[in-house]
Amino acid sequence: MTRSQPGPGPRPRAALAMSQEAAAAVLDRESLDALAAVCDLALPVLDDLTTPAAVAVLADVDVLVTGWGCPPLDESVLRSAPRLKAVVHTAGSVRHHITESCWERGIEVSSAAAANAVPVAEYTLAMILLTGKHVLERARDYRTSRSRDEWLGTPRTVGNFRRTVGILSASLIGRRVIELLRPHDLDVLLHDPYVSETEAAGLGVTPVGLDELFARSDTVSVHTPLLPETRGLVGRRLIESMRPGAVLINTARGAIVDQDALAEAAAAGRVRAVLDVTDPEVLPPQHPLWECDNVLITPHLAGSQGNEWRRLADLALAETARWASGAGFLHPVRRERAAIQA
């Protein structure tokens, strides 16, 4: 869908709606200058859309550039923004601020989810390969012994040649992981009820049922969005069906995994895990997962951070420029897909 714009007209009016911290992190001076080159940019950043100052800005805004910490764009906010036609999000999920009222208004929505998928997929690939070589455990043992192991006696369960990797959900990130896995000598399985056998063949993966994915895989990587039907999806039965020494990687949402069942299996040495997300974040200090040497817990760092924020800004700026020119979004969020996206 493209914006109706009969020839060159007045430049659209834009405003920033996100937390002050998000704006400072994602949008540097160069990014703000680039945005101002295609829009009349109203400042300062709006982190509360109900104040008199914010209402005054919203009154003549055509496009909102949003980010982490953006308040919900509910009916009362939209009443203050009668000209609002588009929202460009500088992060991934729009579920926290795009409301049903936005869709009913016909507001066009774009997201930088494709840009944010890149570092998450890179993290996942790195962890698949590192855990395949048992790097974390062997590095710990090396630090303790200060001597090399008998490398010619390395078990054949160590290594990445022809290991089986199971991908749970061909989401945006899941598909990116599949793409990054292609150059490696790995067998890739996929469980996604929305992907046909023909599409799976095009992705270069073998479609399997959920039970088979966990039973056959040396590594299972979780990429499904958190929905009512996926909460607790990776439960005790699936975890107990995993191969001895198999790895569970979760970069999606912590609540998808039964963490108590995972802690029991990990403590018993049956499975290993890499968790970039937990439920809650942060886990309570006494949670048994902290005590499992074969579980790596990272602080939700797989997504864009540091210099990777520039990738988010660049995509959002490109989308804003496209929309301002009447070309429409390259990365639109569709109403019918919004409910099942991360």
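All values derive from a computational prediction rather than experimental measurement.

Caption draft 1: Local environment of the side chain of serine 111. As for its placement among the helices and strands, serine 111 is situated in strand 5 (residues 108-111). At a separation of 3.0 Å, a polar atom in the side chain of serine 111 contacts the main-chain amide nitrogen of alanine 113. Beyond its immediate chain neighbours, meaning those up to four positions away, serine 111 contacts His89, Ala91, Gly92, Val94, Leu315, His331 and Val333.

Caption draft 2: Region of interest: the pairing of strand 3 (residues 63-66). Along strand 3, one buried face is formed by Val63 and Val65 and the opposite face, lined by Leu64 and Thr66, is buried too. By the bridge criterion, four bridges tie strand 1 (residues 13-17) to strand 3 in an arrangement that is parallel. Opposite alanine 14, over in strand 3, you have valine 63 as the bridge partner.

Caption draft 3: Local environment of the environment of valine 208. Inspection of the secondary structure assignment puts valine 208 in the loop between strand 8 (206-207) and helix 10 (210-216). Residue classification places valine 208 among the buried residues on the basis of a relative accessible area of 10%. Put simply, valine 208 and proline 193 are 15 residues apart on the chain and 9.3 Å apart in space, counted from C-alpha to C-alpha. Not counting chain neighbours up to four residues away, the residues in contact with valine 208 comprise Leu189, Leu190, His191, Leu213 and Arg216.

Caption draft 4: Geometry of the pattern of salt bridges. For the structure shown, the criterion picks out 18 salt bridges. A salt bridge links aspartate 187 to arginine 162, with the nearest nitrogen and oxygen atoms 3.5 Å apart. Residue aspartate 187 is found in strand 7 (residues 186-191), and its partner arginine 162 is found in the loop between helix 7 (135-145) and strand 6 (163-168); the two are separated by 25 residues along the sequence. For the salt bridge of glutamate 199 with arginine 175, the shortest nitrogen-to-oxygen distance reads 2.7 Å.

Caption draft 5: Local environment of the state of the cysteines. Under the counting rule described, the total for this entry stands at zero disulfides. Free cysteine cysteine 39: the closest other cysteine sulfur is in cysteine 70, separated by 16 Å.

Caption draft 6: Inspection of a nonpolar patch on the surface at higher detail. A grouping of Leu130, Val135 and Leu136 is seen on the molecular surface, where their side chains present a nonpolar patch of about 210 Å² in accessible area. Relative to the elements of secondary structure, leucine 136 occurs in helix 7.

Caption draft 7: Quick look at the layout of surface pockets. The space that makes up the second largest pocket amounts to roughly 290 Å³. Lining the second largest pocket are Lys133, Val135, Arg138, Ala139, Thr154, Pro155, Arg156, Val158, Gly159, Asn160, Phe161 and Arg163. The dominant element in the lining of the second largest pocket, judged by the number of residues it contributes, is helix 7, at three residues. Taken together, the residues of the lining of the second largest pocket sort by class into five nonpolar, three polar and four charged.

Caption draft 8: Quick look at the UniProt feature "domain: D-isomer specific 2-hydroxyacid dehydrogenase NAD-binding" (unreviewed entry) in the chain. Under the feature "domain: D-isomer specific 2-hydroxyacid dehydrogenase NAD-binding" (unreviewed entry), the UniProt entry names residues 127-302. Between the first and last C-alpha atoms of residues 127-302 the distance is 11 Å; the span itself is 31% helix and 18% strand.

Caption draft 9: Layout of helix 8 (residues 172-181). Buried within helix 8 we find Gly174, Val177, Ile178 and Leu181. The arc that holds every buried residue of helix 8, seen down its axis, measures 100°, which confines them to one face. Summarising the contacts, the buried residues of helix 8 are in contact with helix 6 (113-132), strand 6, strand 7 and helix 9 (197-203).

Thresholds applied
Along each chain, numbering runs from 1 in the same order as the chain's sequence is written. Only residues with pLDDT of 70 or above have their local features reported here, since the model is predicted, and side-chain atom pairs are shown and tallied only from 80 upward, although totals for entire chains, interfaces and linings are computed over all residues. Processing note: side-chain calculations cover all non-hydrogen atoms of the structure and skip hydrogens and water entirely. Strands are runs of DSSP state E lasting at least 2 residues, helices are runs of H or I lasting at least 4, and numbering of each runs from the N terminus. Between N or O atoms, a polar contact is any pair within 3.5 Å; within protein, one atom must be a potential hydrogen donor and the other a potential acceptor, and residues adjacent in sequence are included only when both atoms are from side chains. Any two residues whose heavy atoms approach within 4.5 Å are treated as being in contact. Here the term buried applies to any residue with accessible area under 20% of the maximum for its type, exposed to any over 50%, and partly exposed to those in between, with areas from a 1.4 Å probe on protein chains only. At least two bridges found by DSSP between two strands is the condition for calling them paired. Should a side-chain nitrogen of Lys or Arg be within 4 Å of a carboxyl oxygen of Asp or Glu, the pair is scored as a salt bridge. By disulfide we mean two sulfur atoms from cysteines, separated by a distance within 2.5 Å. Residues forming no salt bridge and having over 30% relative accessible area are the ones grouped into patches, like charges within 9 Å of each other and nonpolar side chains (Val, Leu, Ile, Met, Phe, Trp, Tyr) within 5 Å. Values of accessible area rely on a 1.4 Å probe in the Shrake-Rupley scheme; residue burial ignores everything except the protein chains shown. In this analysis a 1.4 Å probe is tested at points of a 1 Å grid over the protein atoms alone, and where it fits but cannot get out there is a cavity; an open set with protein on both sides within 12 Å along at least five of seven lines is a pocket; lining residues have an atom within 4 Å of a point. Grid points are joined across faces, edges and corners, and a volume is the space filled by probe spheres set on the points. Residues are sorted three ways: Asp, Glu, Lys and Arg are charged, Ala, Val, Leu, Ile, Met, Phe, Trp, Tyr, Cys and Pro are nonpolar, and all the rest, Gly among them, are polar. UniProt positions are given in the numbering used here, feature names are shortened, and annotations may be inferred rather than shown by experiment. Directions are taken from the helix axis to each C-beta atom, and the arc is the one they span.

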